[in-house]
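Listed here are the chains, written in short residue letters.
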Amino acid sequence: MDKISTDCPYPGCFFCVMKEGNPSKRRASILKFFRELPSQDDDGQVLPISGLWNTAMAHPNDPEFIELGIFECMAALILKGLKNRRWLAHDQNIYIPYYAAHIIGSYTMNMEEFAERAVHAGVLPCLVELLRGRLTWVEQRVAVRALGHLATYGSTFSTIASIGEILELSLQLAMSSLEIVYSHFYQYVDKRLGYHCDLLTRGMGGVEMESRKAEEWASQLQCWSLQLINCFAFKPEFLPKICKTEFLVKLPGMWGGLVNENSPAGIGLLRTICHHKLGRGPVASCPGIIEALCNIARSSDDWQYMAVDCLLWLLQDPSTVHKVIDKAVPALVDLAEITALGDHKKLGDSIVNVLQECIQSQGIGRNSINNCTKELIEEVLNSKQRLKWEKNMPKEDLHIKQAAALVVKLEGNSLFSSGNIAGAASKYSEALSLCPMRSKKERVVLYSNRAQCHLLLQQPSAAINDATRALCLHNPLNRHAKSLWRRAQAYDMLGLAKESLLDAILFINECSHSSDPDLSLKENKVPDYAERLVKKQMRAAWLFREAAIKHGGVHCEGYTGGMCGQESDDSEWETASESDIGKDGRDEMGDDDDEDDDDSEWQNEDERKDRYDKPSLKDMKHGYNVQLVEDES
C-alpha cells in the first residue's frame, strides 16, 4: 500500500489512511487495506482492528466500511486465526478474532441491508466455527451475538436456519454458558488467560474487576444465546427441537442477573414459545414451569408482564387450560386490579375477562375446575360487581362504609399490638370487606397489614398474596415499600432467593426516596436488616452458584465478599420480625399513605369483553430484542 504520510514509519498505516483529505484516495486506500490485511503477517495488526472495533461501536449505521469490504476482511481474519495457530500466537494477534467477530455483530445489529451484505460476504462459516468453541468462550460470546443479530432479519434468517447445528449449539450454550465461564476462567485466578483479562477490564482493574466482568460476560453469553434461539422460536417448525423438557425446565432460572438486568433472558423466550399453540403444550406439561411463571408474574421484575402473557395464553388454550388453571389462577387473582403494566393497558381487566371465560367454559371430569379455584375466580368477579354497585351508591353511604372499615382496622391494630396476630388478621379481612373498592389507599394498607400478620403466623404464601395485592393497588405500581419488604421476607421463608433479592433491592430504593421517618435512610445508610437479607440472597442467587457447587468452588468474591459454598450464620436474621421497621412495628399497622385514589382501571368494564389480545410477532420480536442493550466491550 502506498505511503500516505512521510511522518509515519509504517507504510499503509490505517490511521494515516483515515486522515487522507481526498475522499476518492481515502476510499481507494481503505479498500486496498481491507483486501491486503488478511494476507499480511506484520506486527501491530491488532491496532487498526481495535480502531475499527471502536468505530463500529460508535457508528454502527455508517455504510462506508461496509461498502469497502470490511465483512470480507473480518471473516478472512477469523478463518486465518482458526487455521494458523502460529500466526494467532504471534504478537497480539490472539485478540483479532474477538475484535473481528464483534465488528461483524456491531455493524449488523441495526441495519438489515448490512446483515444481507455480511451473509453474502461469507461471515457465517467463521462465526459458526467460533460458536462451536474452536477458540474460547470469549469468542463464542461475540459469535453468538453476531449470529443473533443476523437471525433477527427475515432476509437473512433462512440462511442462518439452513445451518442446522446453529440452533443445537445455541441450546447447548444457553444451558452450559455459566459453567463454561466459571470453570474456564472464574474458578482459577492463576490460570486466567492474559488476553481474557485484558479484554474484560481494558487493563483498568485487578482480580476483583476481572471476576465481576466475567460474571457480566457470562450472563451476556447466555442471554445472547437465548436471543438467537428466540429467533428460531418464532417459526413453529423449530419448536419441537426447542421445547425439550431438559431445556424448558431451566428457562425460568435463566435471567440476566443484576449484571444484565436489561435482558428478558429466559422469560422472553418462554413468552415467544407460549405464543404458539405448538409451544404451549410442552410448557404446560413441564414440571415446575407454571409455578415459576406464577412467581415471575407476581414479582416486581421488569419482565413481569411477559409471565402474565404466558399464563393468560395457556388459560385461553382449551388443550392446556386444565393443566395450568389450578396453579395459574391464584397468581392472576392477585394481579386482577393492576391498571397498566408496560405497554399493557387495563391489564387487570384482561385478566378478569380471561378468568371469567374459564368459569363459563368449564367442562366436566379432568376439564372441571376445582372448588378452591372456582371460589378465587368468583371472588374477583364479585369484586367487579361490587364496584358497579358502589358507583350507584350515595356518597354518604360510601363514607359510612369507609368509616366502618377504619374502625375495624383500628381494632385490628389494637389486637396486633397486644399480640393477638390471628385476631388482627381477621379484623383486617373484615375491614377489607367493608372498605369501598375505590378507597385504594386504605386497601393497600389493609392488605399490607394482613400480609404482616401472615408472616408472623408463618404463612408465607398468604403473605405473598396479600403483599402482591397491595403492590398492584399502589400508585405507582409495585412501589409500596413496606409491602415490598414483607414480600421479600415471605419469599425468603420459601427459599425463593431471586424474588426476595429483587424485592429487597426495590425496598431499599423506595426507602431512599421515602418521607416516612420509619423508612427513610439515615445518613444514606442502608438499614442493617435489609443489607443482611440482600447479602444472603445474593449468595443464594449468585449467577455461578450451581457451577461452583458442581466444581467444588467455595470462594465467591464478586458482589458479596463471602463464601458461596459456605453459608454464613444468619441466626440473627429476624425473618418475620417487624422490629426492624419503625420503633417497635406497632404503629406500622396504622400506616397511612398519601396517594390519590384511582379507580380508572375498573371504569368502562362493560366495554372490556374482548379476549386477551396477542401482540403481533413483529411487536414481540421488537419487545425482546430492543432490551438487549449492547455492551461496550
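Our subject is the structure that appears above.
Since we're looking at a predicted model, the values are computed, not measured.

S.K.: Account for the layout of surface pockets, naming residues and giving values.
M.R.: Looking at the largest pocket, its volume works out to about 870 Å³. Around the largest pocket, the lining comprises 30 residues; the ones closest to its centre are Leu178, Lys250, Gly253, Met254 and Glu546. Contributions of two or more residues to the lining of the largest pocket are made by helix 12 (165-186), helix 19 (289-298), helix 29 (497-512) and helix 31 (545-550).

S.K.: An account of the pattern of salt bridges is needed here, citing residue identities and associated values.
M.R.: One pass over the full model with this rule turns up 27 salt bridges. Linking Arg487 and Asp503 is a salt bridge whose minimum nitrogen-to-oxygen distance equals 2.7 Å. Of this pair, Arg487 sits in helix 28 (residues 481-493) while Asp503 sits in helix 29, placing them 16 residues apart in sequence. This pair shows no difference in class: Arg487 is buried, exactly as Asp503 is. A salt bridge links Lys535 to Glu531; the nearest nitrogen and oxygen atoms lie 3.3 Å apart. Pair noted here: Lys535 and Glu531 are both in helix 30 (residues 528-540), with a separation of 4 residues, about one helical turn. On the accessibility criterion, Lys535 (38% relative accessible area) is partly exposed. Where salt bridges share partners, they join Glu129, Arg132, Arg134 and Glu165 into one cluster.

S.K.: If you had to explain the packing of helix 9 (residues 124-131) against helix 10 (residues 137-152) to someone new, which residues and values would you point to?
M.R.: In a packed pair of helices, the relevant descriptors are the angle between the two axes and the axis-to-axis distance. Packing of helix 9 against helix 10 leaves a shortest axis separation of 8 Å and a crossing angle of 135°. In terms of orientation, helix 9 and helix 10 fall into the oblique class. For the pair helix 9 and helix 10, the crossing hand works out as left-handed. Counting all contacts with helix 9, which are made through Leu124, Leu127, Leu130 and Leu131, the residues of helix 10 involved are Glu139, Gln140, Ala143, Val144, Ala146, Leu147 and Leu150. In terms of residue class, the contact of helix 9 with helix 10 is made up of 9 nonpolar, 1 polar and 1 charged.

Scoring rules and cut-offs
- Residues numbered from 1 in each chain as written.
- Predicted model: local features only at pLDDT ≥ 70, side-chain atom pairs only at ≥ 80, totals over all residues.
- Heavy atoms only, no water.
- 1 Å grid on protein atoms, 1.4 Å probe; cavity = no way out; pocket = protein on both sides within 12 Å on 5 of 7 lines; lining within 4 Å.
- Points joined across faces, edges and corners; volume = space filled by probe spheres on them.
- Helix = DSSP H or I, 4+ residues; strand = E, 2+ residues; numbered from the N terminus.
- Salt bridge = Lys/Arg side-chain N within 4 Å of Asp/Glu carboxyl O.
- Buried < 20%, exposed > 50% of the residue type's maximum accessible area, 1.4 Å probe, protein only.
- Axes fitted to C-alpha atoms, helices over the stretch in contact; angles between N-to-C directions.
- Parallel < 35°, antiparallel > 145°, perpendicular 65-115°, else oblique.
- Left-handed = near helix turned anticlockwise from the far one by under 90°.
- Contact = heavy atoms within 4.5 Å.
- Nonpolar A, V, L, I, M, F, W, Y, C, P; charged D, E, K, R; others polar.

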